[in-house]
Amino acid sequence: MSSSSQQVALGTGSAKRIGAEVVRKLHAEGMNVILHYNGSEHLAQQIAAELNAVRPNSLTLIQYNLLDFEQLPIFAERVIAEYGRLDVLINNASTFYPTPLNEVSHQQCDDLIGVNLKAPLFLSNIFAHELVKNNGNIINIVDIHSGRPLKDYPIYCVAKAGLKMLTKSLARELAPQVRVNGVSPGAIMWP
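Let us look at the structure shown here. (Residues numbered from 1 in each chain as written. Predicted model: local features only at pLDDT ≥ 70, side-chain atom pairs only at ≥ 80, totals over all residues. Heavy atoms only, no water.)

Remarks on the overall build of the protein
- Summing up its helical and strand segments, the protein has five helices and six strands in all.
- When the helices and strands of the protein are placed in sequence order, the string is β-α-β-α-β-α-β-α-β-α-β.
- Here the C-alpha atoms of the protein give a radius of gyration of 16 Å, agreeing with the 16 Å that 2.2 N^0.38 yields for 191 residues.
- Dimensions of the protein, computed from C-alpha atoms along their principal axes, come out at roughly 55 × 35 × 30 Å.
- Within the protein, buried positions represent 44% of all 191 residues. (Helix = DSSP H or I, 4+ residues; strand = E, 2+ residues; numbered from the N terminus. Rg over C-alpha atoms; globule rule 2.2 N^0.38 Å. Buried < 20%, exposed > 50% of the residue type's maximum accessible area, 1.4 Å probe, protein only.)

Set out below in structure tokens:
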């Protein structure tokens, strides 16, 4: 493919685990990839070195805190500027930790709901025009616990349940130009 027609994917929170494997798979399929990370710079740089050695300038790194909603337009501009287009948005970034009911805090709600639900909503919104133009895709990494709650994780489970419904809503809102799917993996072997 020429660089102007080569498809581009953005994977949020993709420096490790599922996100890293998704990035590797899409890259192997010939896509250019933008790997977003927040705090995992060393791991992100390792993946960039690995994949750019296979195909030079085919993977770009962007560090960004997804909870900084005010700067989201600047982040989106950087994403599009990298390769001139976006075809696939993978909302993979996630925070995950226990929040027993008697210990729940506003900060935990802001973090867990912000990263797991609000960020995918606002990213999908800000990239919708570009994805419609390219007949693109949105893939939300939901979780098996969106429908089967995990004890001591009520906020996380609620956020992922919201992401599951957001996936269905976006599929209706953006059809037929953009395909929207959710993936709910079960147990995975870390790392």
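Some remarks on the sheet that holds strand β1 (residues 8-11)
- If you walk across this open sheet you meet the six strands as β3-β2-β1-β4-β5-β6, and the pairing is parallel. In this open sheet, the two strands that pair with only one neighbour each are β3 (59-63) and β6 (179-183). Taking the axes of each pair of neighbouring strands and ignoring which way they run, one obtains an average angle of 15° across the sheet.
- In this structure, strand β2 (residues 32-37) lies alongside β3, joined through five bridges in parallel fashion. Paired with L35 across the strands is L61, a residue of β3.
- In the packing of helix α1 (residues 17-28) onto the sheet, the strands contacted are β1, β2, β3 and β4 (88-91), and the crossing angle to β2 comes to about 165°. (Pairing = 2+ DSSP bridges. Axes fitted to C-alpha atoms, helices over the stretch in contact; angles between N-to-C directions. Contact = heavy atoms within 4.5 Å.)

Regarding the packing of aromatic side chains
- Here the structure, examined in full by the defined rule, presents four aromatic pairs.
- For the pair Y64 and F75, a centre-to-centre distance of 4.6 Å together with 15° between the ring planes defines the contact as stacked. In this pair, Y64 sits in the loop between β3 and α3 (72-83) while F75 sits in helix α3, placing the two residues 11 residues apart along the sequence.
- F75 sits in the buried class, given a relative accessible area of 2%. (Phe/Tyr/Trp six-rings, centres within 6.5 Å; stacked < 30°, edge-to-face > 60°.)

Some remarks on unusual backbone geometry
- Cis geometry is adopted by the peptide bond preceding P176, which originates at A175 and carries an omega value of 0°.
- Mapped onto the elements, P176 comes out in the loop between α5 (154-174) and β6.

With respect to helix α4 (residues 106-133)
- In this model, α4 (28 residues) spans 38 Å end to end at C-alpha, consistent with the 40 Å of a helix rising 1.5 Å per residue.
- At F127, α4 shows its largest kink, close to 55°.
- Looking one or two residues beyond α4, the residue adopting positive phi is N135, at roughly 50°. (Expected span 1.5 Å × (residues − 1). Bend = angle between axes of the 7 residues up to and from the residue.)

Some words on the side chain of T95
- Mapping T95 onto the fold places it in the loop between β4 and α4.
- Residue classification places T95 among the buried positions, given a relative accessible area of 17%.
- Among residues more than four places away in sequence, those in contact with T95 are D111, L112, V115, N116 and Y156.

Quick word on the pattern of salt bridges
- In the structure shown here, the tally under the stated rule is five salt bridges.
- Residue R85 pairs with D87 through a salt bridge whose shortest N-O separation is 2.7 Å. (Salt bridge = Lys/Arg side-chain N within 4 Å of Asp/Glu carboxyl O.)

Here we look at the pairing of β2
- Taken across its six residues, β2 has six buried, putting it largely inside the fold.
- Residues N32, I34 and H36 point to one face of β2 and V33, L35 and Y37 to the other, with burial holding for every one of them.
- Once the chain exits β2 it traverses helix α2 (residues 41-54) before rejoining the sheet at β3, and the crossover so formed is right-handed. (Right-handed = clockwise from strand over helix to strand, strands pointing away.)

Focus: α5
- Taking 1.5 Å of rise per residue, 21 residues should cover 30 Å, and α5 covers 30 Å from first to last C-alpha, within 8% of that figure.
- Among all positions in α5, only I155, Y156, C157, A159, K160, L163, L166, T167, L170 and L174 are buried.
- If you follow the buried residues of α5, they end up packed against α4, β5 (137-141) and β6.

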